[in-house]
Every structure is written in C-alpha cells, then in structure tokens.
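These are the residues of each chain, in order.
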Amino acid sequence: MDRLQAMQVFRAVVEAGSFAGGARRLGVSNAMVSKQIARLEESLGVRLLARTTRRLQLTAEGERYLTTTTRLLDELDELEAGLGEQRGEIRGRLRLSAPMDFGAQALMVALDAFEQAHPAVTLELVLEDRHVDLLAEDYDLVVRIGALEDSSLIARPLMRMPCYLYGAPDYLRRHGTPDHPQALKHHRCLHYTLARQGPQWTFEVDGEPQRVRFRPALACNNGRALVQAAALGMGLVVKPAFLGEPEVAAGRLVRLLETFPIPALDVHLLYAERDFMPARLRALIETLLTHFAGSPTHA
C-alpha cells in the first residue's frame with residue numbers, strides 16, 4: 001500500500017464528506033477510494049470512519065489521524081513548494097475564502113489570470129457569506145467586504161465597491177418613483193438578511209449620513225436572488241454595482257436616488273502575518289490588487 005496516497009485519499013474523503021465526493025475530488029473511482037480506506041484501516045488496526053446511511057463520521061482514532069495527516073501533507077506541500085520556489089517555480093496549494101456573489105461574479109477573471117500565469121499552483125476557493133476564521137479554518141487568504149473587526153491579521157485594501165438603489169421600470173410604473181430616501185418608507189423594500197445593520201439603508205442627505213429603516217417586503221440571504229426579485233418588480237433593493245449594473249444594461253433595472261449617494265463598501269484582503277510569505281501567496285495577492293485596481297467597479 002502506498003501510505004502517502006492513502007493519507008491523501010483519507011483527507012479528501014473527510015473534506016468531501018463522502019467516498020463519492022472524495023473520488024470526484026481526486027479524479028479516481030469510488031472503488032479505488034473504498035479500497036484505499038479499507039487497506040489503511042487494516043494496516044493501522046483501527047476504524048477511522050463510522051459509516052451510516054446518511055453520512056460519514058470520524059471515530060476518535062480518525063480525528064487524531066486526520067489531524068496528523070493534515071499536518072504532514074501540508075508540511076510536504078510546503079517543502080515541495082519551497083524547493084520549487086528556489087528554482088524560480090511557483091507551486092503548491094492556496095486556500096481562499098470569499099463572499100458568494102462577489103466570488104462567483106467578480107473574482108473569477110482575476111483567478112483565471114493567476115492560474116494562467118502560475119499553472120502549478122492549486123487553488124481551493126470556498127464561497128460563503130459568513131465571516132470565516134482564517135487561522136482556525138486553515139485559509140491562506142480571505143476576501144472580506146464591509147467594516148473590519150480588530151484582529152492580528154494583515155488587511156490590504158482591495159477596492160471600494162459602489163452601491164446603488166435599484167428598481168424595475170414595471171415596479172416604478174405601479175408604485176411610483178421615490179424622490180427622497182425618506183419616501184422609501186412607503187415602498188416595498190428587499191432586505192439582505194446577512195447585513196449587520198439590519199433592515200435599514202444609509203444615504204447621504206445634505207452632506208450627512210441618514211439612515212432609513214424599513215419593513216422588508218422580502219428578506220433573503222442571497223444578494224443575487226434579491227437583484228432578480230427586484231428585476232421582477234417585487235420591490236426596491238440596494239446592492240453593489242457588480243450585481244446591479246448588468247441588469248441596468250439589460251433594461252431590467254434602473255438606478256434611483258442618485259443625488260443621495262450610498263456609502264461604498266470597502267473590500268479587503270486578509271492574511272496572517274508570518275516570517276516567510278510563500279511566493280505563491282504573494283503572487284496571488286499582487287494579481288488581485290492589480291486586477292481590481294483597473295476594475296470598472298473600483299471607486
């Protein structure tokens with residue numbers, strides 16, 4: 001049995017949550033994965049995974065083995081990447097977290113440029129709208145939108161993301177066009193439930209920030225879904241330009257209350273301070289900074 005290969009299979013199965021998922025991640029057959037895990041457990045003399053009809057669960061021995069396996073495989077990746085970098089190569093693995101809509105719609109072009117320039121680097125991109133713990137969850141880099149919390153992480157400004165109030169022409173025909181932020185109290189407003197400030201929007205009125213609270217006509221935890229709801233005429237929505245402007249270009253949405261600006265959102269790259277930054281991480285950071293410096297959504 002190839003012990004290194006078996007360790008890689010074991011970690012892939014645990015991360016994917018199933019034998020089939022681990023097989024897809026590694027590009028091998030389900031049978032090969034099952035055989036590797038069975039041989040590994042036999043050689044160790046312990047059960048690593050408890051199989052149920054619904055999911056896989058690590059045994060106590062499996063938890064311990066996963067921790068050690070992950071550390072050894074990561075150290076091996078670092079060793080190989082470091083040796084490659086000494087020869088002028090950039091290689092290895094990078095784990096990146098980003099908000100779902102931003103990652104899916106605004107980040108991919110930059111990552112494509114990075115992959116073309118550094119094909120030996122393996123990128124793992126995790127898209128989710130919660131604030132991940134970079135250190136505890138083993139991320140190399142995190143894209144964070146909005147105000148930053150105090151932390152020991154290094155924060156690099158990536159861009160300022162303009163936001164606008166959008167509405168569909170059909171909605172405006174039926175409900176009228178608001179002429180002041182306070183008029184929104186009489187309109188159907190769509191709320192992003194993960195917004196920290198709750199159901200309220202902030203506008204600049206006479207040079208001062210003015211908050212407008214509203215009772216949501218629809219609340220949803222996905223920004224793209226809310227933009228689609230607005231395009232269907234279900235209500236008005238405040239969203240970043242990268243989500244709203246394609247709908248404006250298609251004639252499905254229009255900008256509203258542009259004389260009352262909405263504060264732009266700050267986007268940062270977060271990473272841990274370290275004595276030695278791998279060349280692959282430095283290259284990814286510089287690629288992202290360069291790409292978004294020239295982005296049409298850069299303010």
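Predicted model, so just to flag it, every value in this text is computed and none were measured. (Residues numbered from 1 in each chain as written. Predicted model: local features only at pLDDT ≥ 70, side-chain atom pairs only at ≥ 80, totals over all residues. Heavy atoms only, no water.)

**Structural notes on unusual backbone geometry**
So, step 1. The phi dihedral of Asp206 falls on the positive side, at around 55°, and the residue is not glycine.
So, step 2. Among the structural elements, Asp206 can be located in the loop between strand 8 (200-205) and strand 9 (208-213).
So, step 3. Owing to a relative accessible area of 77%, Asp206 belongs among the exposed residues under this scheme.
So, step 4. Residue Leu257 is not a glycine yet carries a positive backbone phi of 50°.
So, step 5. Note on placement: Leu257 falls in the loop between strand 12 (254-256) and strand 13 (262-271).
So, step 6. Exposure remark for Leu257: the relative accessible area of 10% places this residue in the buried category. (Helix = DSSP H or I, 4+ residues; strand = E, 2+ residues; numbered from the N terminus. Buried < 20%, exposed > 50% of the residue type's maximum accessible area, 1.4 Å probe, protein only.)

**Observations regarding the environment of Leu289**
So, step 1. In this fold, Leu289 is placed in helix 9 (residues 279-293).
So, step 2. Residues Leu289 and Met159, spaced 130 residues apart in sequence, show a C-alpha to C-alpha distance of 8.2 Å.

**Some words on the pattern of salt bridges**
So, step 1. Inspection of the entire model under this criterion finds 14 salt bridges.
So, step 2. Arg160 serves as the salt-bridge partner of Asp266, at 2.8 Å between the closest nitrogen and oxygen. With a gap of 106 residues between them, Asp266 in strand 13 and Arg160 in strand 6 (residues 154-167) connect regions that are remote in the sequence.
So, step 3. Exposure remark for Asp266: the relative accessible area of 30% places this residue in the partly exposed category.
So, step 4. Relative accessible area serves as the criterion here: at 39%, Arg160 is assigned to the partly exposed category.
So, step 5. Residues participating in the shared-partner salt-bridge network are Arg93, Arg95 and Glu124. (Salt bridge = Lys/Arg side-chain N within 4 Å of Asp/Glu carboxyl O.)

**A closer look at the packing of aromatic side chains**
So, step 1. What the rule picks out here adds up to five aromatic pairs.
So, step 2. With 5.7 Å between their ring centres and 85° between their planes, Phe102 and Phe242 make a pair best called edge-to-face. Placement of Phe102 in helix 5 (residues 100-117) and of Phe242 in helix 8 (residues 241-249) is noted, with a sequence separation of 140 residues between them.
So, step 3. Aromatic pair Tyr164 and Tyr166: ring centres 6.2 Å apart, planes at 70°, arrangement edge-to-face. (Phe/Tyr/Trp six-rings, centres within 6.5 Å; stacked < 30°, edge-to-face > 60°.)

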